[in-house]
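# Structural description and commentary
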Amino acid sequence: MRRLLPAALTAVALLLTACGTGGTPQAGTAVQAATPPDDQLDTAATVDVRLVLEPTSLNIFGTSGAALDQILLDNVYQGLVTIDTNANDKIVPALATSWETSPDGLTYTFHLVRGAKFHDGSPLTSADVVWSLQQQIAPDSKAVYSANFATIDTVTAPDPATVQVRLKQRDSFLLWNLTQRGGIVYKQGTDFATLDGAENGSGPFTVAQWNRGSSITLARDENYWGAKPKVAKVVFHYITEQNAANNAQLTGQTDIQTAVDPTLLSAFAGNSGFAVLKGTTTDKFTLAFNGTQAPFTDPAVRHAIRQAINKQDVIRAYGAGLAIGSAVPPQDPWYEDLTGIDAYNPDNARKLLADAGFPNGLSLTLTVPSIYPAAISDVLVSNLKQAGITLTVQPVEFQTWLTKVFQQHDFQLSLVDHAEPRDLANYTKPGYYFGYDDKQVQDWYAQARLAATDAERDALLKRVGRQISEDAATDWLLLGQASTVVRTGVYGVPQNETSNRFNLSTVAVAK
Amino acid sequence: MTLFVLRRAGLLVVSLLVASLLVFVLLRLLPGDVAATIGGIQASPEQLAAIRAGLGLDRSLAVQYGDWLTGVLRGDFGRSQLNGTSVSAELAAKLEVTAPLIAGAIAVAVAVAVPLGTWAAVRHRGWAGGGISALAQIGIAVPALWLALVLVLVFSVTLGWLPAQGFPVDGWAEPGAALESLVLPWIALGLTEGAVLLRFVRSAVLGVLHSDYLRTARAKGLTRTRALLRHGFRNAAVPVVSVLGLQLATLVVGTIVIERVFTLPGVGSMLVTDVGNRDLVKVQGEVFAVVAAVMLIGFAVDLVHRIVDPRLQEAR
């Protein structure tokens, strides 16, 4: 059974090549048409959306995975603040209309929106906010990202519409972390063990139905406290296979297809029935070195491998993307173009290897989850060969990768998509599977967290981004691009970072 | 007959026990566990250990197996470690898709194989018989997956007659839509299975055609067709029923591929997902249920044999 699926996918790929639907995708960004006035919209409409990864459970408190954030954040659950993905992830109000910070940076005061309530009708007050944050900072917290809130000392509610968060030390990451799932406001007393089937959020949608293995339906909460969504229902269809997803979109079974394989976009090119939206992602395809193990303990080897890989070749094989040169995507304020560090130079790579004691090259093994296109590994094999490195590709199931590479650090080279936004912290944990341990980087990161101003924080994180690239902590093959195909007559579709959150509040359908 | 049934039933029970142990042990050979699925790539080793302990994964394998088996004996196939859903309840829900899928595929297979196979046997010297045999040979060579993709390309994408994938959100509450979404999977699975069956039907009928009793029947004045219908089919049915029973097992595997291609929320898709998530308590319940079903069908096929062909009873 485990052998059948890869075989099936290969066959699909073969058929696609045979049909000639592959090829260079059309460049350019389609702009969405402006949403028409409400009287021209079908507010009773159901929108069908193709997503890829189904959540394993709906318990967003205790289960990891972006698949949960993608459908539940903003739509079903809300935090004090959220982000605007159309404005470079700017932090914007959600349940808090405004907030201020004390001059010493240790006290955050949030003013709650009026009239907010949970799906069960009960009012959302500061007591719920306090309780929710206390669940995050409790010593035995089962929350997935509880470590994000380690700087919180106390949370109090001076009155029903105000929340005060006192910190042990400055934390310039606090607001961002509150925009993520750790900031969700639950109703006081929520039993997280039963959260899977009993969501009670404050967002514009409720979970209406979950057909495990195929779809999740969200329905508009008719009693929502804020501006009502413009559609009655949204059905998320989980279709892993790219070709099946394309067919579903082409035949009208879905209205919105997210995460389209860029090499298959030509099926929609020049078709007036569809718009193709190109958006940003935080998908950093990271080639990790086992930094605690020879030969990667020698920086020259790491630099040689980075210089041997032509990122443009990888991007072409993937079908779209951007070379970034470090772990920071352009939408982060501390981004800078670092593609000049270890730029493509196979001759120098060969020389570096020779100086490092490998004049005749070396043989390495790449452990890669089989979910990624084999074309990427193929490019790595041929690129590295130019520099004298023989690369053996070992595709494994993602779960095997988690155990072997992530937990046991049993690998030489690994390729995985680090999809989480703002995850520079991974480069500050010596025990992380990269095995990258640099005191300076750890200090800068800690200082950035303590920074008094955003400018100060951004400058420090910029240094971190540069340093990890100069140290060749890992290599960054490409930053993914989000391709979304939208049926004509559907408006307000999220375009950026759609695999992290898919805010439905603006989606609308023409009558 | 009673002795035969008892002996077979005893064998069935022993086989089921062995199967339960095999399923349990083989799944434990997979790297990774459900705790990693829950924790993901942000969890620290301490968090993972806590999740593991919470799920009882730190207990010995013997204890875990004993727990599970006593549950199964009481009819409780366990619960998902990821989200607490009951295995039996979800299996029942998925069977609403998979059972009709398999039944329809068998119907298509039989509808194709019996008349064409018989015809190919009767005309085995002519071009029609040869042509049908050649087609069947091609049918066996073509993977169900490829056929499925071609069917989608023609009937969904180009002609727009049938849905390309999926099952109605409300399932059989929309019977028309549910049937529509099963038509292409039925054909894809049924034709490939039918091609295999056709060859068995052909050779079974051929064997019957040259038998003495059919010659006798014709000597008594029956036409070939009437002799075949009255005396031949019952005899030809014995090996064909066995093959159908065996094919049911391969059909279960075939549904995994077909359900993935058409994204049908059936048992096959569920198994692939659960194995991927290492939700092993759920997987072992599901696999064991499927294995038990196949074994029970084998048991039933044996009994049917005895009834269809009384000679087997006298032999013992």
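Residues numbered from 1 in each chain as written. Chains lettered and ligands numbered in written order. Predicted model: local features only at pLDDT ≥ 70, side-chain atom pairs only at ≥ 80, totals over all residues. Heavy atoms only, no water.

## What to know about the packing of helix α10 (residues 224-261) of chain B against helix α11 (residues 267-277) of chain B
All names here are of chain B. Between α10 and α11, the shortest axis-to-axis distance is 7 Å and the interhelical angle comes to 85°. With respect to α11, the element α10 is oriented roughly perpendicular. For the pair formed by α10 and α11, the contact residues are Ile256, Glu259 and Arg260 on the first element and Val267, Gly268, Ser269, Val272 and Thr273 on the second. (Axes fitted to C-alpha atoms, helices over the stretch in contact; angles between N-to-C directions. Helix = DSSP H or I, 4+ residues; strand = E, 2+ residues; numbered from the N terminus. Parallel < 35°, antiparallel > 145°, perpendicular 65-115°, else oblique. Contact = heavy atoms within 4.5 Å.)

## Some thoughts on the UniProt feature "transmembrane region" (unreviewed entry) in chain B
Residues and elements named next belong to chain B. Here the UniProt-annotated "transmembrane region" (unreviewed entry) positions come out as residues 101-122, 134-162, 182-201, 236-258 and 287-308. In the segment residues 101-122, helix accounts for 100% and strand for 0%; the C-alpha atoms at its two ends are 32 Å apart. This span, residues 236-258, is 100% helix and 0% strand, and a straight line between its end C-alpha atoms measures 30 Å. (UniProt positions renumbered as here; feature names shortened; annotations may be inferred.)

## Looking at the interface of chain A and chain B
Taken together, the 52 residues of chain A in the interface contact 46 residues of chain B. At the boundary of chain A with chain B, total buried surface from both sides reaches about 3800 Å², with 61% on carbon and sulfur atoms. Joining chain A to chain B, the criterion identifies one salt bridge. The salt bridge partner of B:Arg278 is A:Glu397, with a shortest N-O separation of 2.7 Å. For the side of chain A that touches chain B, the secondary-structure elements that each account for two or more residues are α1 (4-19), β8 (205-211), β9 (215-220), β10 (233-238), α5 (242-250) and α10 (398-407) of chain A. When the residues that make up the side of chain A that touches chain B are grouped by side-chain class, the tally is 22 nonpolar, 24 polar and six charged. (Buried area = accessible area lost by both parts, 1.4 Å probe. Salt bridge = Lys/Arg side-chain N within 4 Å of Asp/Glu carboxyl O. Nonpolar A, V, L, I, M, F, W, Y, C, P; charged D, E, K, R; others polar.)

## Here we look at the sheet that holds β10(A)
Within a sheet, neighbouring strands are paired by backbone hydrogen bonds and run either parallel or antiparallel to one another. All names here are of chain A. With mixed pairing, ten strands are arranged side by side in an open sheet as β8-β9-β10-β1-β11-β16-β12-β15-β13-β14. Lying at the two open borders of the sheet, with one neighbouring strand each, are β8 and β14 (389-396). Sheet analysis places β9 next to β10, joined by five bridges and oriented antiparallel. Its bridge partner lying in β10, Thr217 is registered against Val235. With respect to the sheet, helix α6 (residues 299-308) is in contact with β12 (274-289), β13 (362-369), β14, β15 (413-418) and β16 (474-487), its orientation differing from that of β12 by roughly 155°. Contacts from helix α9 (residues 374-386) reach β12, β13, β14, β15 and β16, with the element oriented near 165° to β14. (Pairing = 2+ DSSP bridges.)

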